[in-house]
Amino acid sequence: MNPSAAVVQDQFLKVLSREEAVARFRAALRLQPLGAETVGLDRLAGRTLAATLAAPVDAPPFDRSVVDGFAIRAADIAGASETGPVWLALNGETIACGTEPRLVVSAGHATPIATGGPIPRGADAVVMIEHTRFEADAGLAVTRPVGPGQNIAFAGSDIARGETLLRRGTVIGAREIGMLAAVGADNASVWRKPRVAVISTGDELVPPGTPLRPAAIYDSNGPIVAAALEENGCVAVRFGAIPDDAALLEATIREAHAACDAVILSGGTSKGAGDLTYRMVETLGEPGIVAHGVALKPGKPLCLAVCDGKPVVILPGFPTSAMFTFHDIVAPVLRILAGLAERPEVTVDARVPVRIPSDLGRTEFVMVALSRDPDGAVAFPIGKGSGAVTAFSQADGFLTIDALAEALPAGSAASVTLFAPHVAMPTLSIAGSHCVGLDAVISALADRGVTARSLALGSLGGLAALKRGECDIAPIHLLDPASGLYNTPFLSATMRLVPGWRRMQGLVHRPGDSRFAGATSPAEALAVALADSDCLMVNRNQGAGTRVLIDGLLGGQQPPGYWNQPRSHNAVVAAIAQERADWGIAIAPAAAALNLAFIPLAEEHYDFAVAREAQNPAVVLFEAAVGEAGDALRALGFTPATGN
Ligand code: AMP
Ligand code: MG
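A. Structural detail: helix 9 (residues 436–447). Compared with the 16 Å implied by 1.5 Å per residue over 12 residues, the 17 Å span of helix 9 between its first and last C-alpha is a close match. Considered for burial, the residues of helix 9 that qualify are Gly 437, Leu 438, Val 441, Ile 442 and Leu 445. Burial along helix 9 is one-sided: seen end-on, the buried residues are contained in an arc of 140 degrees. Just beyond helix 9, the residue with positive phi is Gly 449, at close to 85 degrees.

B. Representation of the side chain of Thr 48 in the model. Relative to the helices and strands, Thr 48 is located in the loop between strand 1 (36–40) and strand 2 (53–54). Thr 48 gets classed as buried once you look at its relative accessible area, which sits at 4%. When near neighbours in sequence (up to four residues on either side) are disregarded, Thr 48 contacts Gly 169, Thr 170, Val 171, Ser 189, Val 190, Trp 191, Ala 338, Gly 339 and Leu 340.

C. Region of the structure containing the layout of surface pockets. As a volume, the second largest pocket reaches approximately 700 Å³. When residues in the lining of the second largest pocket are grouped by element, the largest group, five residues, is from helix 7 (residues 319–337). For the lining of the second largest pocket, the per-class residue count stands at 18 nonpolar, nine polar and 11 charged.

D. Layout of the packing of aromatic side chains. Tallied over the entire structure, the rule returns nine aromatic pairs. Summarising the aromatic geometry, the rings of Phe 365 and Phe 398 are spaced 5.5 Å apart at their centres and angled 90 degrees between planes, so their arrangement reads as edge-to-face. Residue Phe 365 is found in strand 24 (residues 363–373), and its partner Phe 398 is found in strand 26 (residues 397–401); the two are separated by 33 residues along the sequence. You can call Phe 365 buried: its relative accessible area is 4%. The interplanar angle of 65 degrees and the centroid separation of 5.4 Å between the aromatic rings of Trp 501 and Phe 608 together place this pair among those described as edge-to-face. Taken together, the residues span a long stretch of sequence, with Trp 501 in strand 34 (residues 495–509) and Phe 608 in strand 37 (residues 597–611) at a distance of 107 residues. According to the relative accessible area criterion, Trp 501 is buried, its value standing at 0%. Relative accessible area serves as the criterion here: at 0%, Phe 608 is assigned to the buried category. Put simply, the rings of Trp 501, Tyr 606, Phe 608, Phe 622 and Phe 638 pair up and form one aromatic cluster.

E. Inspection of the confidence of the model for the protein chain at higher detail. For the protein chain, the average pLDDT comes to 90, and 94% of its residues sit at 70 or higher. Under a pLDDT of 50 for its full length, residues 1–11 has, in the predicted model, eight contacts with residues more than four places off or in other chains.

F. Local environment of the nonpolar core. One finds Phe 25, Leu 229, Ile 264, Leu 304, Leu 315, Phe 326 and Leu 334 to be the most contacted residues of the largest nonpolar core, which totals 56 residues. The element best represented in this core is helix 7, accounting for 10 residues. Apart from residues lying up to four places away in sequence, Leu 334 is in contact with Pro 194, Val 196, Leu 229, Cys 234, Ala 262, Ile 264 and Phe 326. Counting 34 residues, the second-largest nonpolar core is a separate cluster that includes Val 441, Trp 501, Ala 590 and Ala 618.

G. The sheet that holds strand 17 (residues 262–266), seen in detail. A sheet is described by the order of its strands in space; here six strands give the open sequence 16-13-17-21-20-18, paired in mixed fashion. Every interior strand has two partners, whereas the edge strands, strand 16 (235–242) and strand 18 (287–292), have only one. Each strand axis lies, on average, 15 degrees off the axis of its neighbour in the sheet, ignoring direction. Here helix 2 (residues 18–27) sits on the sheet in contact with strand 18, strand 20 (303–307) and strand 21 (310–315), set at roughly 15 degrees to strand 20.

H. A look at the pairing of strand 25 (residues 376–381). The buried fraction of strand 25 is high, at five of six residues. As paired strands, strand 24 and strand 25 are joined by six bridges and run antiparallel to one another. When the bridges of strand 25 are listed, Leu 370 appears paired with Ala 379. Linking two consecutive strands that pair antiparallel, namely strand 24 and strand 25, is a turn of two residues.

I. Region of the structure containing empty space enclosed by the protein. Summed over the entire model, instances satisfying the criterion amount to one cavity of 30 Å³ or more. Approximately 80 Å³ is the volume found for the largest cavity. Around the largest cavity, the lining residues are Ala 369, Leu 370, Ser 371, Phe 380, Ser 429, Ile 430, Ala 431, Arg 453, Ser 454, Leu 455, Glu 470 and Cys 471. Among the secondary structure elements, those contributing two or more residues to the lining of the largest cavity are strand 24, strand 29 (428–432) and strand 30 (452–456).

J. Up close: the sheet that holds strand 8 (residues 132–135). Spatially, 7-4-6-5-9-8 is the arrangement adopted by the six strands of the open sheet, whose pairing is mixed. Each edge of the open sheet is held by one strand with a lone partner, namely strand 7 (125–128) and strand 8. Across the sheet, the axes of successive neighbouring strands diverge by a mean angle of 40 degrees, strand direction being ignored. Strand direction decides the pairing type here: strand 4 (residues 69–72) and strand 6 (residues 109–113), joined by three bridges, are antiparallel. What sits directly across from Gly 69, in strand 6, is Ile 113.

About the thresholds
- Residues numbered from 1 in each chain as written.
- Chains lettered and ligands numbered in written order.
- Predicted model: local features only at pLDDT ≥ 70, side-chain atom pairs only at ≥ 80, totals over all residues.
- Heavy atoms only, no water.
- Helix = DSSP H or I, 4+ residues; strand = E, 2+ residues; numbered from the N terminus.
- Expected span 1.5 Å × (residues − 1).
- Buried < 20%, exposed > 50% of the residue type's maximum accessible area, 1.4 Å probe, protein only.
- Arc of directions from axis to C-beta.
- Contact = heavy atoms within 4.5 Å.
- 1 Å grid on protein atoms, 1.4 Å probe; cavity = no way out; pocket = protein on both sides within 12 Å on 5 of 7 lines; lining within 4 Å.
- Points joined across faces, edges and corners; volume = space filled by probe spheres on them.
- Nonpolar A, V, L, I, M, F, W, Y, C, P; charged D, E, K, R; others polar.
- Phe/Tyr/Trp six-rings, centres within 6.5 Å; stacked < 30°, edge-to-face > 60°.
- pLDDT = per-residue confidence, 0-100.
- Core = buried A, V, L, I, M, F, W, Y, C linked by side-chain atoms within 4.5 Å.
- Pairing = 2+ DSSP bridges.
- Axes fitted to C-alpha atoms, helices over the stretch in contact; angles between N-to-C directions.

Below, the structure written as structure tokens:
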């Protein structure tokens with residue numbers, strides 16, 4: 001082994017605690033904004049002020065009227081009333097906005113003035129036009145008194161010259177732009193945005209928008225990291241996905257390091273044969289890698305480096321791991337370079353309703369979805385493993401379990417770090433089994449202004465959440481083998497069932513598979529499958545309604561493939577279409593989506609458990625939407641349960 005390889009080995013083996021890794025990373029960096037630049041008013045939105053600004057002029061710049069009326073001397077009309085009006089003579093000018101007054105308002109006189117007009121010399125108040133009456137021969141009758149200063153906005157009353165207008169560190173929005181414009185500023189000094197290179201690595205990666213070749217996956221880290229950078233005050237410089245090719249990687253990383261203020265790579269941190277990235281980073285500049293291997297779950301392979309003063313980070317390949325480590329460790333550092341607060345004000349205190357097990361000795365990140373119950377915010381863990389990118393669409397943020405904790409007990413209070421600054425709590429919260437038909441209902445609800453979120457917890461998980469009052473609706477499809485009934489046997493006394501729809505389940509195989517050519521019934525197809533020891537099945541997970549059906553069908557036999565037990569209809573049909581299995585049981589729409597042959601077997605009932613005493617008015621709208629979704633459901637291959 002050559003010496004540099006030994007060093008690298010060493011570093012990988014030395015797993016640091018999160019705190020130690022963060023401390024080393026930060027110690028090697030200059031944690032301060034990169035520098036200021038002057039930016040014009042039209043491009044300032046979203047930027048961060050680099051210097052505190054004092055108002056260069058008064059706003060408003062002169063005393064002005066805030067109503068339409070007459071500039072007068074308050075003492076003249078002190079005794080005015082409806083029955084005893086005070087009569088004034090009108091001056092021979094009218095002051096509109098932008099008109100400079102020429103005549104003095106002397107005792108017994110009034111000058112007509114519009115809102116925004118400058119107050120003429122001699123006047124000390126404005127009486128509203130509604131409290132006057134004009135008669136051509138007699139002049140102006142004033143029917144109400146006003147106090148001195150009334151209806152006048154004095155020069156500098158909004159902002160006085162020299163007063164602090166905006167503080168350094170303020171993120172500029174429409175309000176701040178308005179303040180700058182009001183004092184005549186057409187630019188401001190803001191912090192320069194760090195330019196951050198984003199590089200995905202891996203032979204298997206394909207950019208979104210192009211066809212997926214076999215065994216390839218789409219590059220999701222690149223787009224995720226680029227978007228997250230822009231949400232955190234940086235400019236993402238996208239380098240795309242680079243294959244695990246030493247020369248190409250080295251050239252790209254060197255170019256990125258030279259051109260940008262920081263480099264974020266993903267993938268290639270594990271010790272796989274093609275994973276070369278960290279060796280390149282090691283040679284990029286001093287001090288180089290400061291942590292490779294951090295006690296995080298997920299996120300252990302995280303690699304942190306500082307090369308010639310610039311942060312260079314290799315995020316783990318799995319998108320969720322990449323996201324946690326980015327938000328927890330990388331984003332705070334980049335935000336400081338961008339002149340922003342280290343952490344955005346995006347945490348929510350919430351109760352965690354279920355126990356979350358955790359490994360001792362590793363700081364653990366858990367993605368959660370937020371909803372509300374009568375006691376406040378509730379954070380539901382979304383456990384999908386570090387490879388799941390879709391979990392993001394359901395997750396609002398994540399919570400952190402301390403390295404020293406073995407679990408987070410049910411009912412714990414936790415601080416949730418949000419992925420985006422604004423989180424809209426759904427008006428209707430759905431938890432249980434998912435179905436594409438449910439998406440149709442949720443879309444119809446959205447048209448009525450109900451935002452619903454559906455968490456895939458499985459039928460039993462949904463029922464448990466409903467029982468605890470943490471969701472409004474639990475979609476379920478549970479078969480009671482004893483009674484042969486769907487769903488009703490599983491309800492508690494406080495629940496009722498909203499009928500949903502039926503989904504035809506059947507035996508699925510590839511249409512070109514000649515072994516099944518003559519089989520027209522499930523029994524015939526099953527006989528064919530069981531007779532051939534090369535014919536592989538794909539099963540379903542324990543607890544799935546479909547699994548009950550499969551076990552009934554097999555009557556205790558365990559044909560080859562029995563232990564392949566994915567958790568969804570889609571996984572079953574994908575396995576068959578890709579020839580990893582030859583037959584299985586799934587619902588008709590899933591089989592049709594991949595053009596597979598389908599032999600109908602039995603209908604599954606997909607219904608909704610709701611609390612009898614449901615308080616949320618959106619539940620009623622949901623029921624109505626299910627009732628009205630008949631056509632959409634039939635188009636998807638489902639049969640509405642109530643004949644609508
Ligand atoms: P690696 O760290 O390169 O060994 O990758 C670990 C896992 O993450 C593998 O399953 C990769 O296919 C996956 N992965 C790596 N980079 C990306 C990416 N940019 N987008 C999506 N998945 C990725
Ligand atoms: Mg890789």
